[in-house]
2 protein chains.
Amino acid sequence: MKIEERLQKLREQMAERNLAAYIVPTEDFHNSEYVGDYFKAREYLSGFTGSAGTLLVCRKEAFLWTDGRYFLQAQQQLAQSTIELMKSGQPGVPALEEYLAEHLKDGDRVGFDGRTVTKAFVVKLQDKTADKQITFYSREDLADLVWTDRPALSAEPVWELEEAFAGLSREEKLDKVREKMQAQKADALLLTALDEIAWLLNLRGNDVHHTPVFLAYMLLTKTEAVLCVQEKILSAEIRDKLKKAGVSTLPYEQIEELVCGLQTGQKLWVDGRRVNYRLLQAIPEGVGQMDAPSPVERMKAVKTAAEMEHLRKAHVKDGVAVSRFMRYLKTHVGKERITELGAAQVLDGFRQQMEGYLGPSFDPIIAYGAHGAIVHYAATKESDVEMKPEGLCLADTGGHYKDGTTDITRTIALGELSAQEKRDYTLVLKGHLRLGAAKFLEGVCGQNLDCLAREPLWENGLDYNHGTGHGVGFLLSVHEGPQNFRWRIGKDADCVPLEEGMVISNEPGLYVTGKFGIRHENLVLCRKGEQNDFGQFMYLETLTMAPFDKDAIEVTLLNSQERDWLNGYHKKVYETLSPYMTKEEQEWLQKATAAV
Amino acid sequence: MKIEERLQKLREQMAERNLAAYIVPTEDFHNSEYVGDYFKAREYLSGFTGSAGTLLVCRKEAFLWTDGRYFLQAQQQLAQSTIELMKSGQPGVPALEEYLAEHLKDGDRVGFDGRTVTKAFVVKLQDKTADKQITFYSREDLADLVWTDRPALSAEPVWELEEAFAGLSREEKLDKVREKMQAQKADALLLTALDEIAWLLNLRGNDVHHTPVFLAYMLLTKTEAVLCVQEKILSAEIRDKLKKAGVSTLPYEQIEELVCGLQTGQKLWVDGRRVNYRLLQAIPEGVGQMDAPSPVERMKAVKTAAEMEHLRKAHVKDGVAVSRFMRYLKTHVGKERITELGAAQVLDGFRQQMEGYLGPSFDPIIAYGAHGAIVHYAATKESDVEMKPEGLCLADTGGHYKDGTTDITRTIALGELSAQEKRDYTLVLKGHLRLGAAKFLEGVCGQNLDCLAREPLWENGLDYNHGTGHGVGFLLSVHEGPQNFRWRIGKDADCVPLEEGMVISNEPGLYVTGKFGIRHENLVLCRKGEQNDFGQFMYLETLTMAPFDKDAIEVTLLNSQERDWLNGYHKKVYETLSPYMTKEEQEWLQKATAAV
């Protein structure tokens, strides 16, 4: 069925319900960043495969909003359809709610599956369309009526993350969360974010693409903890352990009933950014709502000592695999046929040799030449190209290990480079090194530091249209909050101080459409440093261990401080990785990390 | 009368009214940063002369809260009294409202003059003390009953700032403000900030220390504009011009009545951060309140083309005076007796030779040696010291010219320096130069850029306990918002994008208690630069023109980029100032600005 047919069928369903517009977001019922196949209705209806975007189907037109990371990809993927691309945040492009406010008629009806949107989304919609008598229809998933071969809801087995890896038992974690509830005088806490539930219970699963979480909701009170989950995914052993920790279970769908059962006068803590609209609608009138970030978010972001120790191990393994891959690529390209997809398989093969490797932490981006300029490019059979011994290959990949989650980008010179490629590679590297070397006072947010990475580019009138860094979970989602490196300080922005134990990516880039893309990414661990009269200083411990390809560096553009940072890092990379390498690999790494 | 007697008399008045505590803030009725002598009740009652601080007088104890700029000064000035210093923001130090929440008893009564505090202040007080049955008594100024020789309310003549300087007529400004009111559907706008009223009406006065504003309130509706002002300060001519622009006048005190007269159903725009509590209390019940930053604040911050052009002229004049002063100081010290106060007079004398000079824009800080470590040091007869041909002299001064307001800090080597002095001088200079050279995208806030100035210090475990920069008015307050360079991103923080036309100071520093202080300050004007695919780039045009004392620079600590920035700036300083100098001065300046 072509996209147009799918939209046509959706429009028939819309017409039966007298809907002027139907919104299909990317989200699952948990506002997860990546979603299981069951939830990919937006992709099914639009053909756009990116990880962010919202489809709006009107009676005649259809539109897809997505952000800067996906402009190129969406343009290509929508080219076959009549869906118009709306570039979010670009001058003159209205937001979805603004578009609706302008084009809806008085009394129009707008539909969406209430489980796939947040309260914030609906509030924004209501605010913008307040002048017109718009009504919302949110109780039905129309995509389900169109999507005949929809995959079943995932129900993969849940497994336990031992306390030695987590650093805290689930009982200790439940206690800590209840302390936070107590402090806020909340009687109940509704958890809907899958990574928060997995973290809290020291459990992992496999229901979401490349994310070891499982479909679940949780309602926590002072004395009770109810996990709503597809019961078949829990083994008897895990069920037992949960029971011991005071966690009972109910079927996945019964969360709505559970919420309906809250008592008048109780105060319920919900995270309005995460909880889906339908669940909010289920809260009885007399129940007080406290809308604030879930207490689990920050706890999960601040890694335990055990998590930190294991993360370092994960990054050594990952570094060995990535270095091997770099060597392979640089020495084999041009001599044998290597395509983007093939290279990704090679790298995954190296990772699979590592103890405790569980799989990729996201779809690998191996992007050669001009593909590198498509920020979240993922090679398909159709787009796959053979690499030649020239130009740049951008490799942004990561793995889940029992020891934690990695995410690394190296941009690799496969042969001759243009002067522009070398200059741009080096400018991005300057910013990466500068941010990585940052020392700062406790209380500083990622928004304060982002410009350290951008300064060398801004100075030259250049920029990259994405954040400089995101938080990374421990064997959870490769993107997590609340910490980040970004510069925009909006009203809704998460500006949180960087705390010891937070893991963040440092990944500035530069993208020259039609030519090449450059990104340098290490994960850093925020640490406490010197404390003196001025306060508590913090620094960033680099977790990622793999060389930056020196063949692409224009050394004259580095100042002596930057050279020292690079050489210091490379020295550490060699010392850390070489014990796990063959003699030939060691020789290669020694050259690859020799001082510039 | 000694401080203790004054407090005793205040406590008698408190006892008569059964007050457990009485709060004396620094503010006048307009929440001005600097205040006229009439309003210096906190200074009268505590002996502390700093520009920020709040006195709390309890039945037995008394406390003074002030911020990091004033810790040393307050410590010295409070030493004679029983008033305890509360260092705001330091670990373990409760905020005033927290202190009250802890120490007040149920049913206690707390007094303050409602005209000297803001709504935000009272709300915070109420929130924190909500558990106890605290009442507030705000209708009386108890200090007035104690302060027998209180100066009269200032009533200096108002004068007109010609349109050639302002760039917009008062009619145009009133139109623009009414457009903003229209957009917010506000029927009335209450203006209480003195610099906003002066800006809006293209008038200036002399009622506040070193700030050319006059005591006034304004109430603006779609059709009317009423200025509440001491009528004698307006000439017939100005009164006429105001009338022509649709501005009528009423006596200063009648603002309360005017506000009382607002009609039910009207929507009044007030700036809750500025308007005093008593005026808010005067708003009738049925009047809708919209609490948002006054529209004048941002308009005033974004300088007109005429203002920018005049500012450049003011800074040339100021630069000639300051350079002359630097030459004088460096060549005369040790040969004749020069004290801090004497030096300030010399500098003011040089400024007075300049056309259009109206007077200092704040109390000059000429701080020699260890005095430099007292961030807002102002020499008194008691503290004044003679300078020797060694060490550093920190000179932070500024002037009001018809062409605008200046604010400049130079740290001047008077002879031999220690290695620490040179290193620290250079580290601060690196940060100053780096921030000054920043190029950034439109939308970036001062909070994003602050760390550029701090990075060289943070790297070495150093910091300064003040913001890196503040906005500067055009022949108005030397400190204005909303723009700034700071790193703290709080809930109440003003994070506003830097816009073309905003003037901000760039003034990192370093203070070594008992030894020396260093600060390098230029004013910069935010400008639009290159526009390309990445967006609109912005840069900072340096307005201030005077050399940085190269004798204090440890050149080996500068990288080549920093040397280029310094040499480029110095070249411009020479080219700009030398035409206004004598031959001897030119020779000196040439050496002072020669490339390093």
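Keep in mind it's a predicted model, so treat the numbers as computed, not measured.

What counts as what
- Residues numbered from 1 in each chain as written.
- Chains lettered and ligands numbered in written order.
- Predicted model: local features only at pLDDT ≥ 70, side-chain atom pairs only at ≥ 80, totals over all residues.
- Heavy atoms only, no water.
- Helix = DSSP H or I, 4+ residues; strand = E, 2+ residues; numbered from the N terminus.
- Rg over C-alpha atoms; globule rule 2.2 N^0.38 Å.
- Buried < 20%, exposed > 50% of the residue type's maximum accessible area, 1.4 Å probe, protein only.
- Contact = heavy atoms within 4.5 Å.
- Areas by Shrake-Rupley, 256 points an atom, 1.4 Å probe, with all protein chains shown as cover.
- Buried area = accessible area lost by both parts, 1.4 Å probe.
- Salt bridge = Lys/Arg side-chain N within 4 Å of Asp/Glu carboxyl O.
- Polar contact = N/O pair within 3.5 Å; in protein donor to acceptor, adjacent residues only side chain to side chain.
- Core = buried A, V, L, I, M, F, W, Y, C linked by side-chain atoms within 4.5 Å.
- Pairing = 2+ DSSP bridges.
- Axes fitted to C-alpha atoms, helices over the stretch in contact; angles between N-to-C directions.
- Least-squares fit on C-alpha atoms with pLDDT ≥ 70 in both.
- Patch = residues over 30% accessible without salt bridge, like charges linked within 9 Å, V, L, I, M, F, W, Y side chains within 5 Å.
- Lys, Arg positive; Asp, Glu negative; His and termini not counted.
- Charge placed at Lys NZ, Arg CZ, Asp CG, Glu CD.
- Parallel < 35°, antiparallel > 145°, perpendicular 65-115°, else oblique.
- Left-handed = near helix turned anticlockwise from the far one by under 90°.
- Nonpolar A, V, L, I, M, F, W, Y, C, P; charged D, E, K, R; others polar.
- pLDDT = per-residue confidence, 0-100.
- Arc of directions from axis to C-beta.
- Phe/Tyr/Trp six-rings, centres within 6.5 Å; stacked < 30°, edge-to-face > 60°.
- Lys NZ or Arg CZ within 6 Å of the ring centre and 35° of its normal.

> For this particular structure, what's the right way to read the overall build of chain A?
In terms of helices and strands, chain A carries 19 helices and 28 strands. Relative to the 2.2 N^0.38 estimate, which gives 25 Å for 596 residues, the radius of gyration of chain A is 24 Å and therefore close to what a compact globule would have. Classification of the 596 residues of chain A by burial places 60% in the buried group. In chain A, the proportion of contacts linking residues at least 24 apart, taken out of those at least 6 apart, comes to 69%. Of the roughly 23,400 Å² of accessible surface on chain A, a fraction of 47% belongs to carbon and sulfur atoms.

> What is the right way to read the interface of chain A and chain B from this model?
How big an interface is tends to be stated in terms of the accessible area lost upon association of its parts. Contact with chain A, which involves 29 residues of that partner, is made by 29 residues of chain B. Interface area, chain A with chain B, both sides summed: about 2,800 Å², of which 59% is carbon and sulfur. Joining chain A to chain B, the criterion identifies 2 salt bridges. The interface formed by chain A and chain B includes 10 residue pairs in polar contact (both at pLDDT 80 or more).

> Would you take a moment to explain the nonpolar core for this structure?
General note: in soluble globular proteins, nonpolar side chains tend to be found buried as a group. Leu329(A), Phe440(A), Leu329(B) and Phe440(B) are the most contacted members of the largest nonpolar core, which has 171 residues in total. When neighbours within four sequence positions are excluded, Leu329(A) is seen to be in contact with Ile338(A), Ala343(A), Met387(A), Cys393(A), Ile412(A) and Leu414(A). In terms of nonpolar packing, the next biggest core, distinct from the first, is built from 74 residues, Tyr34(B), Ala216(B), Val229(B) and Trp269(B) among them.

> Any chance you could explain the pattern of salt bridges here in plain terms?
In a structure, side chains of opposite charge can pair up when their charged atoms sit close to one another. Tallied over the full model, the rule gives 94 salt bridges over all chains. Lys128(A) is the salt-bridge partner of Glu98(A), the closest N and O atoms lying 4.0 Å from each other. Of this pair, Glu98(A) sits in helix α4 (residues 96-103) while Lys128(A) is found in helix α5 (residues 119-128), placing the two residues 30 residues apart along the sequence. Assessed through its relative accessible area of 34%, Glu98(A) is described here as partly exposed. One salt bridge connects Asp450(B) with Arg454(B), and the closest N-O pair in it is separated by 2.6 Å. Residue Asp450(B) and its partner Arg454(B) are both found in helix α17 (residues 446-458); the two are separated by 4 residues, about one turn of the helix. Judged by relative accessible area, which is 2%, Arg454(B) ranks as buried.

> Looking at this structure, how should I read the sheet that holds strand β19 (residues 404-405) of chain B?
All names here are of chain B. An order of β15-β18-β19 is seen for the 3 strands of this open sheet, with the pairing classed as antiparallel. Two strands bound the open sheet, and with one partner strand each, they are β15 (357-360) and β19. Across 3 bridges, the pairing between β15 and strand β18 (residues 399-401) is antiparallel. Following the sheet pairing, Pro 360 is matched in β18 by Gly 399. Lying over the sheet, helix α15 (residues 340-352) contacts β15 and β18, oriented at roughly 165 degrees with respect to β15.

> Could you clarify how one ought to interpret the side chain of Ser138(A) in this entry?
Along the chain, Ser138(A) turns up in the loop between β6 (135-137) and α6 (142-146). Among residues more than four places away in sequence, those in contact with Ser138(A) are Phe112(A), Asp113(A), Gly114(A), Tyr277(A) and Arg278(A).

> Would you take a moment to explain the relation of the copies chain A and chain B for this structure?
Copy one and copy two of the chain differ by a rotation about an axis and a translation along that axis. Under the fitted operation, chain A is carried onto chain B by 0.0 Å of movement along the axis and a turn of 180 degrees, and the coordinates agree to an RMSD of 0.0 Å. Such values leave the two copies arranged in the relation of a two-fold axis. The C-alpha atom lying nearest the rotation axis in chain A is that of Asn448(A); the distance is 2.3 Å.

> Help me out: how do you make sense of the sheet that holds strand β20 (residues 408-413) of chain A in this one?
One key point about sheets: their strands pair by backbone hydrogen bonds, in either a parallel or an antiparallel sense. Residue and element names in this part refer to chain A. Ordered by their spatial adjacency, 3 strands build an open sheet running β16-β17-β20, and the pairing between neighbours is antiparallel. In the strand order of this sheet, the two ends are held by β16 (365-368) and β20, each with one partner. Across the sheet, the axes of successive neighbouring strands diverge by a mean angle of 10 degrees, strand direction being ignored. In this sheet, strand β17 (residues 392-397) lies alongside β16 in antiparallel orientation, the contact comprising 4 bridges. Looking at the pairing, Tyr 368 lines up with Cys 393 of β17.

> Help me understand a negative patch on the surface in this model?
Residues and elements named next belong to chain A. Taken together, the side chains of Glu 163, Glu 171, Glu 172, Asp 175 and Glu 179 make up a negatively charged region of the molecular surface. If you tally residues by element for the negative patch, the top one is helix α8 (residues 170-183), at 4 residues. Within the secondary structure, Asp 175 sits in helix α8.

> Help me out: how do you make sense of unusual backbone geometry in this one?
The phi angle of most residues is negative, glycine excepted, and most peptide bonds adopt the trans form. Residue and element names in this part refer to chain A. That bond from Gly 481 to Pro 482 is cis: its omega, 0 degrees, falls within 30 degrees of zero. Assignment of secondary structure puts Pro 482 in strand β23 (residues 480-485). Even without being glycine, His 210 reaches a positive phi, approximately 55 degrees. Assignment of secondary structure puts His 210 in the loop between β9 (203-204) and β10 (216-221).

> How should the packing of helix α17 (residues 446-458) of chain A against α17(B) be read in this particular structure?
Their axes nearest at 7 Å, the elements α17(A) and α17(B) cross at an angle of 70 degrees. It follows that α17(A) is roughly perpendicular to α17(B) by the angle criterion. The element α17(A) and its partner α17(B) pack so that their crossing is right-handed. On the side of α17(A), the interface is formed by Gln447(A), Asn448(A), Leu449(A), Cys451(A), Leu452(A) and Glu455(A), while α17(B) contributes Gln447(B), Asn448(B), Leu449(B), Cys451(B), Leu452(B) and Glu455(B). Taken together, the residues of the contact of α17(A) with α17(B) sort by class into 6 nonpolar, 4 polar and 2 charged.

> What is the right way to read the confidence of the model for chain A from this model?
The predicted structure's coordinates, where accompanied by low pLDDT, should not be read in detail. Averaged over chain A, the pLDDT score is 95; the fraction of residues at 70 or greater is 99%. Here the prediction assigns the complex a pTM of 0.91, and the interface score ipTM is 0.90.

> Any chance you could explain helix α5 (residues 119-128) of chain B here in plain terms?
The periodicity of an α-helix, 3.6 residues per turn, causes residues three or four positions apart to be oriented the same way. Residue and element names in this part refer to chain B. If you check which residues of α5 are buried, you get Phe 121, Val 122 and Leu 125. Burial along α5 is one-sided: seen end-on, the buried residues are contained in an arc of 95 degrees. Considering only its buried residues, α5 is in contact with β1 (21-24), α4 (96-103), β5 (109-112), β6 (135-137) and α12 (277-282).

> Help me understand the packing of aromatic side chains, please; the structure alone is not making it clear to me.
Centre-to-centre distance and the angle between the planes together describe a pair of aromatic rings. Summed over the entire model, instances satisfying the criterion amount to 30 aromatic pairs over all chains. Its end group placed over the ring of Tyr44(A), Arg6(A) keeps NZ or CZ at 3.9 Å from the ring centre. A cation sits over an aromatic face here: Lys439(B) above Phe537(B), 5.4 Å from the ring centre.

> Even after reading the chapter, I still don't get the packing of α4(B) against α5(B), so can you show me in this structure?
Angle between the axes and distance between the axes are the two parameters that describe a pair of packed helices. Residue and element names in this part refer to chain B. Packing of α4 against α5 leaves a shortest axis separation of 9 Å and a crossing angle of 30 degrees. Where α4 crosses over α5, the two elements pack in a sense that is right-handed. Of the residues in α5, those touching α4 at Leu 96, Glu 97, Glu 98, Leu 100 and Ala 101 are Phe 121, Lys 124, Leu 125 and Lys 128. Residue composition of the contact of α4 with α5, grouped by class: 5 nonpolar, no polar and 4 charged.

> Can you walk me through the side chain of Arg204(B) in this structure?
Residues and elements named next belong to chain B. By secondary structure assignment, the location of Arg 204 is in strand β9 (residues 203-204). Buried and unpaired, Arg 204 has Glu 307 as its nearest opposite-charge partner, separated by 5.3 Å. At 3.1 Å, the side chain of Arg 204 forms a polar contact with the backbone oxygen of Phe 474. Excluding residues within four positions of it along the chain, Arg 204 makes contact with Pro 157, Val 158, Trp 159, Leu 161, Ala 198, Trp 199, Pro 212, Phe 214, Phe 474, Leu 475 and Leu 476.

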